[in-house]
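Survey of secondary and tertiary structure
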Amino acid sequence: MADEVQQLTRAFSGLGGLGVDEPTMVSLLARWRKQPEKRSGFRKGFPGFFKSHGEIDRCEEEYMLHLAAEFARFKNLMVLWAMHPWERDARLAHHVLHQSHPAAVLVEVACTRSADELLGALRAYHALFHHSLEEDVAYRARDKPYCNLLVGLVSAYRYEGPRVSEEVARAEAKALGAAVKGAGVGGKVAEDGEVVRILTTRSKPHLVETFKYYKEMNGRRIEEDLGKSGEETLVEAVLCLAAPARYFSQVIEAALRDGADHHGKEALTRVAVTRSDHDMDEIAAAYQEQFGNKLEDAIAAKAHGHYRDALLSLVGAHHQQ
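Residues numbered from 1 in each chain as written. Predicted model: local features only at pLDDT ≥ 70, side-chain atom pairs only at ≥ 80, totals over all residues. Heavy atoms only, no water.

**Let's talk about the overall build of the protein chain**
- Within the protein chain, the regular secondary structure consists of 19 helices and 2 strands.
- Residues counted as buried form 48% of the 321 residues belonging to the protein chain.
- Across the protein chain, the fraction of contacts at a sequence separation of at least 24, relative to all contacts at a separation of at least 6, is 66%.
- As displayed, the protein chain offers around 16,500 Å² of accessible surface, 52% of which is attributable to carbon and sulfur atoms.
- Measuring between centres, the 41 positive side-chain charges of the protein chain sit 2 Å from its 47 negative side-chain charges. (Helix = DSSP H or I, 4+ residues; strand = E, 2+ residues; numbered from the N terminus. Buried < 20%, exposed > 50% of the residue type's maximum accessible area, 1.4 Å probe, protein only. Contact = heavy atoms within 4.5 Å. Areas by Shrake-Rupley, 256 points an atom, 1.4 Å probe, with all protein chains shown as cover. Lys, Arg positive; Asp, Glu negative; His and termini not counted. Charge placed at Lys NZ, Arg CZ, Asp CG, Glu CD.)

Right, dumping it as structure tokens:
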């Protein structure tokens, strides 16, 4: 019985991981039928979930909320997966503006979708919430230094062809360098009009070239310099526009860390669902290059149950039960 109690405790707690081990729970439901003493032993052996309270072992409210969130991970993944991509992006954006989700989610929607995909999300936002996304961003983020940047990003309909003017890219790299240096440490590069214009109007191939020239001129990648100024939203925009696989691999790594917060963990579901049909192979390669581990192995080690299996399916792994 002790082994079974440990199995069930691990299934509930996930040993600090993501999701719960539903198959083990179901198996023990059958094996423990008409054996209430086993459930009593489980309650006494799981002090994190139950606390002695007179004649009963009472469920701890905080752990019940934690457990509800872990059970919900698989459900939330499947709901997101089933949605039309335009509706999904519209709802993700709405959560940023009305439920205090991180601005990075809005940056992802604005910067990693194609021009037509972003336009579709804007149309879905109109239909669902009876406002334009642009007006909601302008109003909700009006006190943020990156407000104009976000409005421009969600409003963009970028050229998606291959043509790039090397001369213009070089000139704009110089302009970006001047803006970064002019702001100094703790400055607000995101408020610079030229920076906003370049990031919100230029094609992604153009920006890749511009950032390449920036590094040649300054000896560092632009996101490294922007990171010193503490402008996280601007760094996220640069990476999403020019190096999305590297950006998403970093988001996944942060989600899998011990001690990741609620929004950080939620990002794992979001990235797996939204990128599975697009660039997941590139994200997996970037993850292994940066962190020295296969993405599917990192997920299998941290996630549990149906949630783990769904994640592995979305990243293209062939996981053996």
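**Structural notes on helix α5 (residues 85-98)**
- Between its first and last C-alpha atoms α5 spans 20 Å; for 14 residues at 1.5 Å apiece the expected length is 20 Å, and the two agree.
- Those residues of α5 that sit buried are Arg-88, Asp-89, Ala-90, Leu-92, Ala-93, His-94, Val-96 and Leu-97.
- Turning to α5, the residues buried within the fold contact α4 (61-82), α6 (103-112), α7 (115-129), α8 (133-140) and α16 (262-275).
- A positive backbone phi angle near 60° is found at Ser-100, which sits one or two residues after α5. (Expected span 1.5 Å × (residues − 1).)

**Here's the deal with the packing of α5 against α6**
- Remark: α5 packs on α6, axes separated minimally by 8 Å, with the N-to-C direction vectors making an angle of 150°. Of the possible angle classes, the one that applies to α5 and α6 is roughly antiparallel. Seen from above, α5 lies across α6 with left-handed handedness. Between α5 and α6, the residues in contact are Asp-89, Leu-92, Ala-93, Val-96 and Leu-97 and Ala-103, Val-105, Leu-106 and Val-109, respectively. (Axes fitted to C-alpha atoms, helices over the stretch in contact; angles between N-to-C directions. Parallel < 35°, antiparallel > 145°, perpendicular 65-115°, else oblique. Left-handed = near helix turned anticlockwise from the far one by under 90°.)

**Quick look at the pattern of salt bridges**
- If you walk through the whole model with that rule in mind, you get 16 salt bridges.
- A salt bridge links Lys-212 to Glu-209; the nearest nitrogen and oxygen atoms lie 3.0 Å apart. Of this pair, Lys-212 and Glu-209 both sit in helix α12 (residues 204-218), 3 residues apart, which is roughly one turn of the helix.
- Residue class for Glu-209 comes out buried when judged on its relative accessible area of 18%.
- Notably, a salt bridge pairs Arg-308 with Asp-309, separated by 3.0 Å at the nearest N-O pair.
- Take Arg-308: its relative accessible area is 17%, and that puts it in the buried class. (Salt bridge = Lys/Arg side-chain N within 4 Å of Asp/Glu carboxyl O.)

**Description of the nonpolar core**
- Ranked by internal contacts, the top residues of the largest apolar core, which has 80 residues, are Leu-106, Leu-133 and Leu-199.
- Aside from chain neighbours lying at most four places away, what touches Leu-133 is Ala-93, Leu-97, Leu-106, Leu-122, Tyr-125, His-126 and Val-154.
- Core analysis: the next-biggest nonpolar cluster, separate from the first, contains 13 residues, Met-25, Phe-49, Phe-50 and Tyr-63 among them. (Core = buried A, V, L, I, M, F, W, Y, C linked by side-chain atoms within 4.5 Å.)

**Some words on the pairing of strand β2 (residues 56-59)**
- Summarising the sheet, strand β1 (residues 50-53) and β2 pair through 4 bridges and their orientation is antiparallel. From the neighbouring strand, Ser-52 faces β2, where its bridge partner is Asp-57.
- Remark: 2 residues form the turn of the hairpin made by β1 and β2, two consecutive strands paired antiparallel; Gly-54 in that turn has positive phi of roughly 70°. (Pairing = 2+ DSSP bridges.)

**Remarks on the packing of α4 against helix α19 (residues 305-314)**
- Running from N to C, α4 and α19 point in directions that differ by 35°, and their axes come no closer than 8 Å. In this structure, the crossing between α4 and α19 has a hand that is left-handed. Listed contacts from α19 to Arg-73, Phe-74, Leu-77 and Trp-81 of α4 are His-306, Tyr-307, Ala-310, Leu-311 and Leu-314.

**Description of unusual backbone geometry**
- A positive phi angle is found at Ser-100, which is not glycine, with a value near 60°.
- Position of Ser-100 relative to the elements: it lies in the loop between α5 and α6.
- Backbone geometry at His-130 places phi at a positive 60°, although glycine is not the residue there.
- The topology assignment puts His-130 in the loop between α7 and α8.

**Re the environment of His-262**
- One can find His-262 in helix α16.
- For His-262, a relative accessible area of 47% puts it in the partly exposed group.
- Separated by 81 residues in the primary sequence, His-262 and Lys-181 have C-alpha atoms spaced 35 Å apart.

**Regarding the packing of aromatic side chains**
- Using the criterion set out here, one finds 3 aromatic pairs in the structure.
- Centroid distance Tyr-287 to Phe-291: 5.0 Å. Interplanar angle 55°. Geometry classified as tilted. Linking Tyr-287 with Phe-291, this pair stays in helix α17 (residues 280-291), spanning 4 residues, or about one helical turn.
- The exposure class of Tyr-287 is buried, given its relative accessible area of 5%.
- Residue Phe-291 is classed as partly exposed on the basis of its relative accessible area of 32%.
- Here Arg-142 stacks its cationic end above the ring of Tyr-139, 4.1 Å away from the centre of that ring.
- The ring of Tyr-213 has Lys-212 lying over it, and the distance from NZ or CZ to the ring centre is 4.8 Å. (Phe/Tyr/Trp six-rings, centres within 6.5 Å; stacked < 30°, edge-to-face > 60°. Lys NZ or Arg CZ within 6 Å of the ring centre and 35° of its normal.)

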